[in-house]
Amino acid sequence: MRLLFFFILLFGQCTLCLESSAHESQPGTLEIRERADQRYELTWRAPIYYGGPHPARLELPELWRDTIVPEEKLLPDSQVFRRVVALDGKGVDGSIIRFPGLEKTITTVFVRLIRLDGTSTTEVVRPTLPSVRLRGERPAHVAAFEYTGLGFYHILQGIDHLLFVLGLLLIVKGRMMLVKTITAFTVAHSITLGIATLGYASVPLAPLNAAIALSILFLGPEIVRSWRGQSSLTIRYPWLVAFLFGLLHGFGFASGLTTTGMPQAEIPLALLFFNVGVEFGQLAFVFTALALVRSFTILEVHWPRPVTALPGYVVGSLGAYWTIQRTVILLGVV
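Now for a description of the structure that goes with this document. Because the structure is a prediction, the values reported are computed rather than measured.

### Some details on the overall build of the chain
Along the chain, the regular secondary structure elements total 10 helices and nine strands. The burial tally for the chain puts 49% of its 334 residues in the buried class. Relative to all contacts within the chain whose residues are 6 or more apart in sequence, the contacts with residues 24 or more apart total 74%. For the chain, the exposed area adds up to about 16100 Å²; of that, 64% sits on carbon and sulfur atoms.

Structure, rendered in structure tokens:
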């Protein structure tokens, strides 16, 4: 069972961990704000991608012409481009905006249109279809589906969150304890996801990433103690540790939602269905792992003892690597 969990994450982790300094799946945002005289102010925020400029570009319709010199600003986590365009008497509805290069990434882009009357709409652009046609207000069920997809996509791309869940699975013994542990983690990160999304609290991204890495490192020695038959607070009450660290991971989930620039009126809907998507992704990971474990049991597959120890050491080693890497970034050494 340990080897199986190891294989589930090792390939994806090895391709990301050596370059990644944060969540590479952070969404991009394009805000289109209507001004007077058929002018629109555009702010395109492209997240830093694997330490460098994002491959995606903003491509506007041919009839949209700049009225000022475009501005560019480099921030620690993104590049921000600002433009003001004129549409020569034509509205934005039906216009197609493209993001060439997005198909080579794992980035989702939220396009938000804010009109003069204060109404706003939000569209989701995915790498599989890197363009969007601007339109009027969308039905609630369409928005719910898109926020659910965003949550599902975010958790499956959040390798560090899944690695923490993996560490819990390697410690937990018994079905009821597994249910209690996963439920505690879900309740905890739902609490802080809501708090952060509603604006009652926030955590800077750099120390948050370092703390999440530390939570993974914490589980490494606990996994080894469990294998040796030893006991500790974590081994006796894994649900308690899952709850406490789940509060921390909830702020990490919130970073995938609060950066979308969602309309104020959509916050309750976005919060509910983004969390639903996160839970679907988390449960899909757990159930897939358990189903594969069951399959290996039925097939009576036996692994060499040294190999079965690898997953626990991988959890601890990657947790240590990320903790050091993100602490260095936090302290501004590099």
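### Remarks on the environment of Arg236
Topologically, Arg236 is positioned in helix 6 (residues 233–236). We classify Arg236 as partly exposed; its relative accessible area is 45%. For the pair Arg236 and Lys173, spaced 63 residues apart in sequence, the C-alpha separation works out to 9.6 Å. Apart from residues lying up to four places away in sequence, Arg236 is in contact with Met177 and Ser231. One polar contact links Arg236 to Ser231, side chain to side chain, over a distance of 3.2 Å.

### Brief notes about the packing of aromatic side chains
Applying the stated criterion across every chain, the model contains seven aromatic pairs. For the pair Phe164 and Phe245, a centre-to-centre distance of 5.8 Å together with 75 degrees between the ring planes defines the contact as edge-to-face. Taken as a pair, Phe164 in helix 3 (residues 159–171) and Phe245 in helix 7 (residues 238–258) lie far apart in primary sequence, 81 residues in all. For Phe164, a relative accessible area of 0% gives the class buried. Judged by centre distance (5.4 Å) and plane angle (55 degrees), the rings of Phe218 and Phe245 are tilted. On the criterion of sequence distance, the pair formed by Phe218 in helix 5 (residues 205–227) and Phe245 in helix 7 is long-range, its members being 27 residues apart. With a relative accessible area of 33%, Phe218 lands in the partly exposed category. Among the aromatic side chains, those forming a connected cluster through ring pairs are Phe164, Phe185, Phe218 and Phe245.

### Details of the nonpolar core
With 45 residues, the main nonpolar core has Leu163, Val165, Phe274, Phe285 and Val315 as its most contacted residues. Where this core is concerned, the elements lending two or more residues are helix 2 (140–157), helix 3, helix 4 (175–197), helix 5, helix 7, helix 8 (267–298) and helix 10 (310–331). Looking at which element gives the most residues to this core, the answer is helix 3, with 10 residues.

### A word on the packing of helix 3 against helix 5
Think of two packed helices as two axes; the pair is described by the angle between the axes and how far apart they sit. Here helix 3 crosses helix 5 at 20 degrees, and the two axes come no closer than 9 Å. Here helix 3 lies roughly parallel to helix 5, going by the angle between them. Every pair of crossing elements has a handedness; the one defined by helix 3 and helix 5 is left-handed. Contact residues: helix 3 offers Asp160, His161, Leu163, Phe164, Gly167, Leu168, Leu170 and Ile171, while helix 5 offers Ile212, Ser215, Ile216, Leu219, Glu222, Ile223, Ser226 and Trp227.

### Overview of the side chain of His54
Considering the arrangement of structural elements, one finds His54 in the loop between strand 2 (39–47) and strand 3 (65–66). Residue classification places His54 among the buried positions, given a relative accessible area of 9%. A polar side-chain atom of His54 sits 3.0 Å from the main-chain amide nitrogen of Ala56. A distance of 2.8 Å separates polar atoms of two side chains, one belonging to His54 and the other to Thr107.

### Some thoughts on a nonpolar patch on the surface
A cluster of nonpolar side chains, contributed by Val187, Ile191, Ile195, Leu198 and Tyr200, occupies part of the molecular surface with about 470 Å² of accessible area. Along the polypeptide, Tyr200 turns up in the loop between helix 4 and helix 5.

### Concerning helix 2
Taking 1.5 Å per residue as the helical rise, helix 2 with its 18 residues ought to reach 26 Å, and the 26 Å between its terminal C-alpha atoms agrees with that figure. Among the residues making up helix 2, those that are buried are Ala143, Ala144, Glu146, Tyr147, Thr148, Leu150, Gly151, His154 and Ile155.

Rules and cut-offs
Residues numbered from 1 in each chain as written. Predicted model: local features only at pLDDT ≥ 70, side-chain atom pairs only at ≥ 80, totals over all residues. Heavy atoms only, no water. Helix = DSSP H or I, 4+ residues; strand = E, 2+ residues; numbered from the N terminus. Buried < 20%, exposed > 50% of the residue type's maximum accessible area, 1.4 Å probe, protein only. Contact = heavy atoms within 4.5 Å. Areas by Shrake-Rupley, 256 points an atom, 1.4 Å probe, with all protein chains shown as cover. Polar contact = N/O pair within 3.5 Å; in protein donor to acceptor, adjacent residues only side chain to side chain. Phe/Tyr/Trp six-rings, centres within 6.5 Å; stacked < 30°, edge-to-face > 60°. Core = buried A, V, L, I, M, F, W, Y, C linked by side-chain atoms within 4.5 Å. Axes fitted to C-alpha atoms, helices over the stretch in contact; angles between N-to-C directions. Parallel < 35°, antiparallel > 145°, perpendicular 65-115°, else oblique. Left-handed = near helix turned anticlockwise from the far one by under 90°. Patch = residues over 30% accessible without salt bridge, like charges linked within 9 Å, V, L, I, M, F, W, Y side chains within 5 Å. Salt bridge = Lys/Arg side-chain N within 4 Å of Asp/Glu carboxyl O. Expected span 1.5 Å × (residues − 1).

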